[in-house]
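Letter by letter, the chains look like this.
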Amino acid sequence: MQWERIFSIKISFACVATLLSCSEPGNVEAPEQKTFVISETMLKSIRLDTVMVSQVQGVLNLNGKIVADENRLVEIFPIVGGNVISVDVELGDYVNKNQTLGVIRSSEVAEYDRQLIDAQSDVSVAQKNLEVKKDLLASKLISEREMVEAVKELEKAEAALTRIRETFAIYGFNDRSEYVLRSPINGFVINKKINRDMTLPSGHNESVFTIAELNEVWAVADVYESDISRIKQGMDVSVSALSYPGETIQGKIDKIFNVLDPATKTMKVRIRLQNSDFKFKPEMIATVKVLFNEDGELPSVPASAIIFDRSRQFVMIFKDRYNIETREVEVHKTTASRAWLSSGVSDGEIVISKNQLFIYDALND
């Protein structure tokens, strides 16, 4: 029955051919043309930006470190030598103004104690002498001149006592031959060179504590000789630290140190930074990005609008929901927020700068 099956297949093909030949051309539906259209939901999730011609900006990456503001920093020097009997704070502690940092027992303070006792005794003697002089003057046994001299002696003794008491108050001496080190400001202990039972020689010329306010700090960065001409006071910068990747703080160059380090051939610049949360700490490594203007203008778009694919760069040009174009571009310069293009776009065109990868993939699969 093999020939009957072949015959049946031939008839089926013939019928199909007949039906197709008998159909009118107007009754045959053309295949549907598929077009990419951005949905309302996707339209709300993207961001559109206009290509603008603007001055090209460059970026200098400088290395530096965080340091305490020298105008908000106090070094504490012991004015007497002696034995350290207590140290009440550690490196990194926050201290309040007039808080005790340490205590030194000193023979030099004992000498001040003796001077205080002598001054008090002198005042007592002068007061008694004045009382006697008053009685003698009333009896006309002494002259007015002797009375005036007694008053001056008392004034001189009281002045000496006041001076020694002020010395005790200023330097933190007490009547136990102790010198109390106190913090003159609110701040953090950023340097400490004193320990309990340590003996400090008389005339010790190194600070034993350094207290600094850290709610405002400096970033000090090095500028290579070849880049000095680009640096100007007041330029905007962004500063980041290794401890906080991805986080930056904005500032301005507020001082340029117009000398070169002979060893590194670099010039230092200073950036003042607000640091209310105390994230930036002295001696942290800092990266400073300085924005500067180059000569010339080019069309620019947000840096987020650039798509990198297969070693090429693209942007998505938006005309309407039904008309979106993938455009290859040539990037001249890029900063953290903006990209300048030497070719590929024109002033006034619209680009997609957020969630454009989904659209790119849909159009270029």
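Refer to the preceding data block for the structure.
Residues numbered from 1 in each chain as written. Predicted model: local features only at pLDDT ≥ 70, side-chain atom pairs only at ≥ 80, totals over all residues. Heavy atoms only, no water.

### A short note on the overall build of the protein
And step 1. In terms of helices and strands, the protein carries five helices and 20 strands.
And step 2. Within the protein, the proportion of its 365 residues that are buried is 36%.
And step 3. Put simply, of all contacts in the protein between residues at least 6 apart along the chain, 74% involve residues at least 24 apart.
And step 4. For the protein, the exposed area adds up to about 22700 Å²; of that, 51% sits on carbon and sulfur atoms. (Helix = DSSP H or I, 4+ residues; strand = E, 2+ residues; numbered from the N terminus. Buried < 20%, exposed > 50% of the residue type's maximum accessible area, 1.4 Å probe, protein only. Contact = heavy atoms within 4.5 Å. Areas by Shrake-Rupley, 256 points an atom, 1.4 Å probe, with all protein chains shown as cover.)

### Description of the sheet that holds strand 9 (residues 199–200)
Hydrogen bonding along the main chain pairs the strands of a sheet, whether they run parallel or antiparallel.
And step 1. Taken in spatial order, the four strands line up as 7-6-4-9 in an open sheet, and their pairing is antiparallel. Since the sheet does not close on itself, it has two edges, and those belong to strand 7 (178–182) and strand 9, each with one partner.
And step 2. Bridge count between strand 4 (residues 82–87) and strand 6 (residues 100–105): four bridges; the pairing is antiparallel. Directly across from Val84, in strand 6, lies its bridge partner Ile104. (Pairing = 2+ DSSP bridges.)

### Points about the packing of aromatic side chains
And step 1. By the definition in use, this model includes four aromatic pairs.
And step 2. Here the aromatic rings of Tyr94 and Phe188 are separated by 5.1 Å at their centres, their planes lie at 70°, and the arrangement is edge-to-face. Taken as a pair, Tyr94 in strand 5 (residues 94–95) and Phe188 in strand 8 (residues 187–192) lie far apart in primary sequence, 94 residues in all.
And step 3. The interplanar angle of 40° and the centroid separation of 5.7 Å between the aromatic rings of Phe314 and Tyr360 together place this pair among those described as tilted. Here the residue Phe314 occupies a position in strand 17 (residues 312–320), and Tyr360 occupies one in helix 5 (residues 356–364), the gap between them amounting to 46 residues.
And step 4. Taken together, the aromatic side chains of Tyr94, Phe188 and Phe278 make up a single cluster linked through ring pairs.
And step 5. Looking at Lys255, its charged tip hangs above the ring of Phe257, at a distance of 5.4 Å from the centre. (Phe/Tyr/Trp six-rings, centres within 6.5 Å; stacked < 30°, edge-to-face > 60°. Lys NZ or Arg CZ within 6 Å of the ring centre and 35° of its normal.)

### Comments concerning the layout of surface pockets
Remark: the empty space left among the atoms is shown by a probe the size of a water molecule rolled over them.
And step 1. A volume near 260 Å³ is recorded for the largest pocket.
And step 2. Lining the largest pocket are 13 residues, with Ser238, Lys289, Leu291, Thr335 and Ala336 positioned closest to its centre.
And step 3. Among the elements that make up the lining of the largest pocket, the one with the highest residue count is strand 12 (residues 236–241) (three residues).
And step 4. The class makeup of the residues in the lining of the largest pocket is four nonpolar, seven polar and two charged. (1 Å grid on protein atoms, 1.4 Å probe; cavity = no way out; pocket = protein on both sides within 12 Å on 5 of 7 lines; lining within 4 Å. Points joined across faces, edges and corners; volume = space filled by probe spheres on them. Nonpolar A, V, L, I, M, F, W, Y, C, P; charged D, E, K, R; others polar.)

### Examining the sheet that holds strand 10 (residues 209–212)
And step 1. The four strands are arranged 3-10-8-5 in an open sheet whose pairing can be described as antiparallel. Here the strands that pair on one side only, and so sit at the sheet edges, are strand 3 (73–76) and strand 5.
And step 2. When strand 8 meets strand 10, the two strands line up antiparallel, connected through four bridges. In the sheet register, Phe188 faces strand 10, and the bridge partner there is Ala212.

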